[in-house]
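Spelled out, the chains give:
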Amino acid sequence: MKKYLGILLLGLAALSPALAQNKVKLTIESWRNDDLKIWQETILPAFMKKYPNIEVVFAPSAPTEYNAVLDTKLKAGTAGDLITCRPFDKSLELFNAKHLESLNNLPGMNNFSEVAKAAWSTDDGKTTFCVPMASVIHGFLYNKAIFRELGLSEPKTEAEFLATLQKIQASGKYSPLVMGTKDQWESATMGYQNIGPTLWKGEVGRKGLIAGTQQYNKGGFLQAFEALAKWRPFLPRGYQALAYPDAQNLFAQGRGAIYPAGSWDIGTFRQMNPKLELGAFKPYTFPNLGATQCVINDHPDIAIGLNAASKNKEAARTFLSWVASDEFAQLYANALPGFFPLANVSYTVSDPVAQTFLSWRKECQASFRTAYQILSRNANPNNENDLWNASAQVLNGTMTPKQAADFVQSRLASWYGPQKGK
C-alpha cells in the first residue's frame, strides 16, 4: 500500500508542473486606472470563466504617466502581454518601433469598419495593430427638469438651438450653456469639433485637410468658427475663469440647462448627482447653409494590442479575439456608459442617455476630430493645441472667427506639406 501510494505521489508531483504550465498569465498595461474595479469584477471574470486556463491581470498606471511608464517597461522588456492603445500617433509610434504586432489576421478583426480601425492603423490603412475597443460620441446633455419647467423641446437646427438659449436666458434662473474657456480644450473638443463636422461634411472635410484640398479658413471649417462665436452671450458669468471641473459642478448642481458634452461625461454626472434628470440631443444642423445631414464625432478613444515581446502570444491573441466579440461589447458598453464599442456586433446599452447617444449612429454620418490623424505630428505649432487656443479666443471675444481660422490655417501651412502656400 505504501509502495503504491509513494508511486502515486511521485506521479502527481511530476504532473503538477505540467498542469501549472497549462495555465497562462497575461498582464494588461493601461492608463484607465479609474476602471480597475470594472475590469477586476466584471470584464475579466467573464473571460476567465470561458477560458479557465488563461489568467488575466489588469495593471493600470496613472493616466498622465502612462506613456512614459510604458516606454520604460517596453525598453526594459518588462511590459505586459497586452498594451492598451491610445488613438493615432502614439500607438503608431509603438508599432513602427516594433513594440506592437500586426493584427490583420486576428479572428474578429472583420467586425470593424475602416473608420473604426483608422486610429490604430498605418497611414495607408493596410496594417492594423490594435483591436478597437470603444469610442466616445459628441453631443449635448441637458437638464430635463429645466426644459420641462420652461416648456422647451430638443433643438434640431441652429435657429432652434439659439432660440432655446434665448428663452433660458430670459428666465433669468439658469445659465443657458454651461462651459468654460479656462482650460481651452473644451472650447475645441465640445464646441468646435462638436458642431463642426456637420458643416464640413465629416470625413469629406477631415480627409480634405490631410490632402490639402480644404483649409481651416474656408468653407465649413470657417463656418464652424462663426457658429461657435454665437455661443458667447449664453455662457455662464465669468466663464473665462471656469475650468472643466467647475463647469461639471455647475451643471450637476442644476444651475445650468445645456452642457456641450462628450458621452464620457454621462458616468461622471451619474456619480455626481444621481437625481439629475439627464437628457441628450445630437449636434444640430444648419439648413440655411445647406448642411441638413447630421454628422457626429464618433471619436475613437481606446484599443488594445499585442506586445511583440510577449511570451504568451497565443493566449494573448485568444483574449484579443474575445475583445472583438459581441460578448465583450455587451459587457464594456454597460460597465462604462458613454464608452461605445466600435465592433459591428449586436449589443444593447441599459443607460437611457447612453442609448440616445448610440442611436445617433443610425441617423447621422460619423467622423472624428480633425487634428488627430497626421495633422498634429508637429510639436510646435501643433494643430490640436492651435484649435484649443483659437476656439477659446473666439468664445472669449479676443479673436474673430476669421482671425481664428486664419491663425489655425497659417500655423498648419507653416509645416505641413500639402497645406503649404494655402
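This one's a predicted model, so the numbers in the text were calculated from it and none came from an experiment. (Residues numbered from 1 in each chain as written. Predicted model: local features only at pLDDT ≥ 70, side-chain atom pairs only at ≥ 80, totals over all residues. Heavy atoms only, no water.)

**Q** Please clarify how the packing of helix α16 (residues 383-396) against helix α17 (residues 401-413) should be interpreted in this entry.
**A** Pairs of packed helices are described in terms of their axes, by the angle between the two and the distance that separates them. Between α16 and α17, the least distance of the axes is 9 Å, while the angle of their chain directions is 170°. Looking at the two axes, α16 sits roughly antiparallel to α17. Two secondary-structure elements touch here, α16 through N383, D386, L387, N389, A390 and V394 and α17 through P401, A404, F407, V408, R411 and L412. Residues that form the contact of α16 with α17 fall into these classes: eight nonpolar, two polar and two charged. (Axes fitted to C-alpha atoms, helices over the stretch in contact; angles between N-to-C directions. Helix = DSSP H or I, 4+ residues; strand = E, 2+ residues; numbered from the N terminus. Parallel < 35°, antiparallel > 145°, perpendicular 65-115°, else oblique. Contact = heavy atoms within 4.5 Å. Nonpolar A, V, L, I, M, F, W, Y, C, P; charged D, E, K, R; others polar.)

**Q** Got a minute to help me understand the environment of Y216 in this structure?
**A** Turning to its location among the elements, Y216 is positioned in the loop between α9 (203-211) and α10 (219-229). Once the C-alpha coordinates of Y216 and L412 are considered, the two residues, 196 residues apart in sequence, prove to be 9.1 Å apart. At a separation of 3.0 Å, a polar atom in the side chain of Y216 contacts the side chain of T370. (Polar contact = N/O pair within 3.5 Å; in protein donor to acceptor, adjacent residues only side chain to side chain.)

**Q** Please clarify how the nonpolar core should be interpreted in this entry.
**A** One broad trend across soluble globular proteins is that nonpolar side chains are buried collectively. Ranked by internal contacts, the top residues of the largest apolar core, which has 138 residues, are I258 and F319. The greatest single-element share of this core, amounting to eight residues, is contributed by strand β4 (residues 131-143). (Core = buried A, V, L, I, M, F, W, Y, C linked by side-chain atoms within 4.5 Å. Buried < 20%, exposed > 50% of the residue type's maximum accessible area, 1.4 Å probe, protein only.)

**Q** I'm lost on the packing of aromatic side chains in this one. Help?
**A** Both the distance between ring centres and the angle between the ring planes are used here to describe each pair of aromatic rings. A complete count under the given rule lists 33 aromatic pairs for this structure. Taking the centre distance of 4.8 Å and the plane angle of 15° together, the rings of F95 and F129 count as stacked. Separated by 34 residues along the polypeptide, F95 in helix α4 (residues 89-96) and F129 in the loop between α5 (114-117) and β4 bring together distant segments of the chain. Overall, F95 belongs to the buried group, its relative accessible area being 19%. Members of the aromatic cluster, each reached through a chain of ring pairs, are W39, F47, Y51, F58, F319, W322, F328 and Y332. Over the face of the ring belonging to W31 we find R86, whose NZ or CZ atom lies 4.6 Å from the ring centre. Over the ring of Y372 we find R369; its NZ or CZ atom is 5.3 Å from the centre of that ring. (Phe/Tyr/Trp six-rings, centres within 6.5 Å; stacked < 30°, edge-to-face > 60°. Lys NZ or Arg CZ within 6 Å of the ring centre and 35° of its normal.)

**Q** Sorry, what's going on with the pairing of strand β6 (residues 256-262) here?
**A** In regular strands, side chains alternate between the two faces of the sheet. The element β6 is largely enclosed, with a buried count of seven among its seven residues. Of the pairings in the sheet, the one linking β4 to β6 comprises five bridges and is antiparallel in character. Residue pairing across strands places L141 opposite Y259, the latter belonging to β6. The sheet contact formed by strand β5 (residues 175-177) and β6 spans two bridges and is parallel. Paired with S175 across the two strands is G256, which belongs to β6. (Pairing = 2+ DSSP bridges.)

**Q** Quick question: what am I supposed to make of the state of the cysteines here?
**A** Disulfide: a covalent bond connecting the sulfur atoms of a pair of cysteines. The full count for this structure, using the stated rule, is two disulfides. At a sulfur-sulfur separation of 2.2 Å, the disulfide partner of C85 is C130. A torsion of -75° about the S-S bond marks the disulfide between C85 and C130 as left-handed. Here C85 is found in strand β3 (residues 82-85), whereas its partner C130 is found in the loop between α5 and β4, with 45 residues between them in sequence. Both residues of the pair, C85 and C130, count as buried. A sulfur-sulfur distance of 2.1 Å marks the disulfide that ties C294 to C364. The chirality of the disulfide connecting C294 with C364 is left-handed, given an S-S dihedral of about -100°. (Disulfide = S-S within 2.5 Å.)

**Q** Sorry, what's going on with α9 here?
**A** Note on helix geometry: an α-helix contains 3.6 residues per turn, so any two residues three or four positions apart are oriented the same way. Among the residues making up α9, those that are buried are E203, G205, R206, G208, L209 and I210. At its buried positions, α9 is contacted by α5, α10 and β10 (365-367). Of the residues trailing α9, G212 is marked for its positive phi of about 85°.

**Q** Please clarify how the side chain of E203 should be interpreted in this entry.
**A** Relative to the helices and strands, E203 resides in helix α9. When near neighbours in sequence (up to four residues on either side) are disregarded, E203 contacts V115, G208, A366, S367 and F368.

**Q** Where do I start with the pattern of salt bridges in this structure?
**A** Pairing between side chains becomes possible if they bear opposite charge and their charged atoms approach one another. Scanning the model with the defined rule gives 18 salt bridges in all. Measuring nitrogen to oxygen at the nearest pair gives 2.7 Å for the salt bridge that ties D35 to R32. Assigned by exposure class, D35 and R32 land together as buried. The partner of D406 in a salt bridge is K402, with the nearest N and O atoms 2.8 Å apart. Linking D406 with K402, this pair stays in helix α17, spanning four residues, or about one helical turn. By relative accessible area, K402 is classed as partly exposed at 42%. Because the salt bridges share partners, they merge into one network encompassing D71, K90 and E93. (Salt bridge = Lys/Arg side-chain N within 4 Å of Asp/Glu carboxyl O.)

**Q** How should I be thinking about the confidence of the model for the protein in this particular structure?
**A** Interpreting fine coordinate detail is not advised for predicted regions of low pLDDT. For the protein, the mean per-residue pLDDT works out to 94, and 95% of the residues sit at or above 70. For residues 4-20, every residue scores under 50 in pLDDT, and the model assigns this stretch zero contacts once sequence neighbours within four places are set aside. (pLDDT = per-residue confidence, 0-100.)

**Q** How should the layout of surface pockets be read in this particular structure?
**A** The rolling of a water-molecule-sized probe over the atoms marks out the regions of remaining empty space. One number sums up the size of the largest pocket: a volume of about 1400 Å³. In terms of lining, the largest pocket is formed by 38 residues, of which the most central are W31, R32, P63, R86 and D301. At the level of elements, α4, α11 (244-252), α12 (265-272) and β8 (295-306) are the ones that each hand at least two residues to the lining of the largest pocket. A total of five residues in the lining of the largest pocket trace back to one element, the largest contributor, which is α12. When the residues that make up the lining of the largest pocket are grouped by side-chain class, the tally is 16 nonpolar, 10 polar and 12 charged. Taken as a whole, the second largest pocket encloses approximately 470 Å³ of empty space. Along the walls of the second largest pocket sit 19 residues, with D298, P341, N344, L358 and R361 positioned nearest its centre. Elements represented by at least two residues in the lining of the second largest pocket include exactly α5, β8 and α15 (352-363). (1 Å grid on protein atoms, 1.4 Å probe; cavity = no way out; pocket = protein on both sides within 12 Å on 5 of 7 lines; lining within 4 Å. Points joined across faces, edges and corners; volume = space filled by probe spheres on them.)

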